[in-house]
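If you want the building blocks of each chain, they are given just below.
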Amino acid sequence: MKDPYEVLGVSKNASQEEIKRAYRKLAKQYHPDNYANNPLSDLAEEKFKEINEAYEQLINGGGTAGQSYGSRTSSSYTGNASGGNFMQIRNLIQMGRVGEAEQQLDQISTRNAEWFFLKGTIFMKKGWHQQGMNFIQQAVNMEPANPEYRAALNSYISQTQQYRNVGFGMGASPRGVGPCECCQGLICADCCCECMGGDLISCC
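None of the values given here were measured: they were computed from a predicted structure.

Quick look at the packing of aromatic side chains
Right, on to step 1. Evaluation of the coordinates by the stated rule reveals seven aromatic pairs.
Right, on to step 2. The rings of Trp 115, Phe 116, Phe 123, Trp 128 and Phe 135 are connected pair by pair, giving a single aromatic cluster.
Right, on to step 3. When the ring centre of Tyr 30 is taken as origin, the NZ or CZ atom of Lys 47, which lies over that ring, is 5.8 Å away.
Right, on to step 4. It is Lys 126 that lies over the ring of Trp 128; its NZ or CZ is 4.0 Å from the centre.

Put into structure tokens, the structure is as follows:
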């Protein structure tokens, strides 16, 4: 793996705040959503993964930000020996192996923003939208300046709103069905029956 300081473009003496600031800038620049239907999408996705790996190693993997790259052990990158690491879980989610991703995630004891984001993403993949949004919202609350978490939350909120609007457009009424609508429906049904030789409402 490349030197994470080099990937993020910061010095080895950079503070955690400087590392976070560099990560947010690069994550926003190379986020896959910015390269949809773009021939560079594969390269951008690979770069995005690389940025996340570097950030996880320097911030979420333990140790101080100024610690030299060469002195870090492989276990500090995995985050938890029994549960693997967050990048492995991201890859599993992208491959559609959601169950395996969730199993590994649940074995990680560190409940940071990344953990809540991945848990929420897994729930969304499983169709548990409300639970998923709750977990992603928690990730945003823990790291409000993270562009990836916030973009995902806004995207899911927008999709949910669109589904509701489509539902209303197909006949669902946000205020329910009143007596006038019921009468209109019965009269229309009676007219249809009479056209076919029957009679739904004898008094009409």
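Brief notes about the layout of surface pockets
Right, on to step 1. By volume, the largest pocket is sized at about 700 Å³.
Right, on to step 2. Looking at the largest pocket, it is lined by 25 residues, and the ones nearest its centre are Phe 117, Thr 121, Lys 125, Glu 148 and Tyr 156.
Right, on to step 3. Every element with two or more residues in the lining of the largest pocket is listed here: α3 (41-60), α5 (86-94), α7 (113-125) and α9 (147-169).
Right, on to step 4. Here the element with the most residues in the lining of the largest pocket is α9; it accounts for eight residues.
Right, on to step 5. Counted by class, the lining of the largest pocket contains 11 nonpolar, eight polar and six charged residues.

Cut-offs applied
- Residues numbered from 1 in each chain as written.
- Predicted model: local features only at pLDDT ≥ 70, side-chain atom pairs only at ≥ 80, totals over all residues.
- Heavy atoms only, no water.
- Phe/Tyr/Trp six-rings, centres within 6.5 Å; stacked < 30°, edge-to-face > 60°.
- Lys NZ or Arg CZ within 6 Å of the ring centre and 35° of its normal.
- 1 Å grid on protein atoms, 1.4 Å probe; cavity = no way out; pocket = protein on both sides within 12 Å on 5 of 7 lines; lining within 4 Å.
- Points joined across faces, edges and corners; volume = space filled by probe spheres on them.
- Helix = DSSP H or I, 4+ residues; strand = E, 2+ residues; numbered from the N terminus.
- Nonpolar A, V, L, I, M, F, W, Y, C, P; charged D, E, K, R; others polar.

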